[in-house]
Amino acid sequence: MSGKKVRRCHKDEVIFREGDEGDCAYLIEAGRVLIYLDDKEHEVPLRIVGQGEVFGEMSLIDASPRSASCRAVTDCHLIVVSKQQLLDRIKAVDPVVRLLMQVLLDRLRSQNDLIRGKGPGESAVGKVDPLEAEKKAALERIGLEHRIANGLDEDEFFPFYQPIYDLRTGELRGCEALIRWIGKDGTIVMPDVFMDVMEETYLILRGGQLMIEKSIRDLPKMLSHFVPGSSSFFVSINVSGRQFTDPGFIEHLESVRKRTGVPAELIKLELTERIMTEGTQALATLHDCRKLGYLLAIDDFGTGFSSLQYLAQMPLTDLKIDRGFIHKMQFDDKSLSVVKSLIFMADLLKLRTIAEGVETADQLALLRELGAQEAQGYHFARPLAFDKFMQLPKQFSV
Ligand code: C2E
Ligand code: CMP
Ligand code: CA
Ligand code: CA
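Residues numbered from 1 in each chain as written. Chains lettered and ligands numbered in written order. Predicted model: local features only at pLDDT ≥ 70, side-chain atom pairs only at ≥ 80, totals over all residues. Heavy atoms only, no water.

Visitor: Could you clarify how one ought to interpret the nonpolar core in this entry?
Guide: Side chains of nonpolar character tend, in soluble globular proteins, to be buried together. Of all hydrophobic cores here, the largest spans 81 residues; its most connected members are Ile-148, Phe-233 and Phe-389. Broken down by element, this core gets its largest block of residues, 10 residues, from helix α6 (residues 203-226). Apart from the residues within four sequence positions on either side, Ile-148 is in contact with Phe-157, Trp-181, Phe-194, Val-197, Met-198 and Leu-203. If you look at the next biggest cluster of nonpolar residues, it comprises 18 residues, including Cys-24, Val-33, Cys-70 and Cys-76. (Core = buried A, V, L, I, M, F, W, Y, C linked by side-chain atoms within 4.5 Å. Buried < 20%, exposed > 50% of the residue type's maximum accessible area, 1.4 Å probe, protein only. Helix = DSSP H or I, 4+ residues; strand = E, 2+ residues; numbered from the N terminus. Contact = heavy atoms within 4.5 Å.)

Visitor: When you look at the coordination of the calcium ion (ligand 4) in this model, what are you seeing that I'm missing?
Guide: Geometrically, a metal with four donors at the corners of a regular tetrahedron has ideal angles of 109.5 degrees, and one with six donors at the corners of a regular octahedron has ideal angles of 90 or 180 degrees. Summarising the metal site, the calcium ion (ligand 4) is bound by the protein donors Asp-299 (OD), Asp-300 (OD), Glu-356 (OE) and Glu-356 (OE), whose distances to it range over 2.1 to 2.7 Å. For the calcium ion (ligand 4), the donor residues sit on a single chain with the sequence spacing D-D-x55-E. Overall, Asp-300 belongs to the partly exposed group, its relative accessible area being 24%. Since its relative accessible area comes to 9%, Glu-356 is described here as buried. (Donors = N, O, S within 2.8 Å, 3.2 Å for Na, K, Ca; no water.)

Visitor: Sorry if this is basic, but what is going on with the coordination of the calcium ion (ligand 3) here?
Guide: Here the calcium ion (ligand 3) is held by the protein donor atoms Glu-176 (OE), Asn-238 (OD1), Glu-270 (OE) and Asp-299 (OD), which lie 2.2 to 2.4 Å from it. Of note, the calcium ion (ligand 3) draws all its donor residues from one chain, in the sequence arrangement E-x61-N-x31-E-x28-D. The distance between the calcium ion (ligand 3) and the calcium ion (ligand 4) comes to 4.1 Å, and Asp-299 binds to both of them. Pair noted here: Glu-176 is in strand β10 (residues 172-182) and Asn-238 is in strand β12 (residues 234-238), with a separation of 62 residues, a long-range link. Looking at Glu-176, the relative accessible area reads 4%, which means it is buried. Accessibility expressed as a relative area gives 28% for Asn-238, which makes it partly exposed.

Right, here's the structure in full:
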């Protein structure tokens, strides 16, 4: 094990000089350090830092030369923070926060330039900024976040519905609600453009709530059109981790459902196994939902850190087979084995199996043979706006 690396400095020892390459930062365990600018004949003191303070971090954060010189004012005991230690942590930070850190560093450097008698930012002129691309990405992200929030205010997000058919009888069994952003000019924006930003921010709570509200509101119309007099039809709603673990999740879901009078047994919540990394509260909420009658599907199973332990713990009703496996199963033995084992396992656990991403008649035939129960995919229909969805056949010839 590498113990903590330390550096001992004597009084008046120069620790590093302005312009050096920065390879580590220091945490002062004991002693005091002067930070100063070397300005031709004389030095300009900037600040004295003492016990518990950090210095030498700026050059690591933005990969620039040391912005000032440092000298021990007393004997010092310093803990060395390696570049890697710091960079690993910075990498984990939200890109917008990284951008803000950069802004603060630039300000400090300009201030040092002014003290040196240079114009603000003069020392940066002509230098290539290694973080330019990252800054641009962070600014774009802030812009997208802002446009999504606006789109939510303007009611531009809607569920599209993709039909799910019974593989044995060809009957329409239900649908999956998939979010779409429809701009003022009618362009349809797909979730891969905005879902990550939504999920990383509070916006997912608003996006998630509107998907619950709109799709549950559409459900009674689907029922009376497709299965009049019976209620064997479901709408499946994707729920992300942050949304599911929000304390108001069940209360909101129940209030919407009660308003429409739809039984909970017709509403399926699609969750990924990542939900299980959210802690015990997520598991408790799963059980509460199941007790209330909601159907619970595990989505994308087998694509992440799948754990059979999770599968056994979660009170599930359905298992969705990821389209990655379906896509490859006819020419890749391993994918075929995964599909077979998933169907076998689901059977043992008494879970309904739904194959996603079925694009061809051959895939459909193979899935029937393997005993999957339901399927969705472009072979049947793409996700459709409500009106178009209502024109779909109630029966698919299998
Ligand atoms: P998902 O939940 O795995 O949804 C299935 C995706 O596969 C959908 O993409 C669907 O349009 C697509 N798909 C369906 N059939 C086929 C096929 O035959 N071939 C191919 N290549 N693709 C097919 P979509 O609508 O772009 O959604 C992408 C992902 O965004 C979803 O993956 C889901 O993770 C997320 N998402 C969509 N709507 C919501 C939502 O309302 N809430 C949350 N939390 N996530 C959502
Ligand atoms: P770095 O640029 O790696 O090396 C010099 C260090 O001095 C810098 O990191 C900061 O820790 C510190 N520093 C630079 N400018 C100032 C300032 N104006 N005030 C306080 N500390 C500074
Ligand atoms: Ca899904
Ligand atoms: Ca999926």
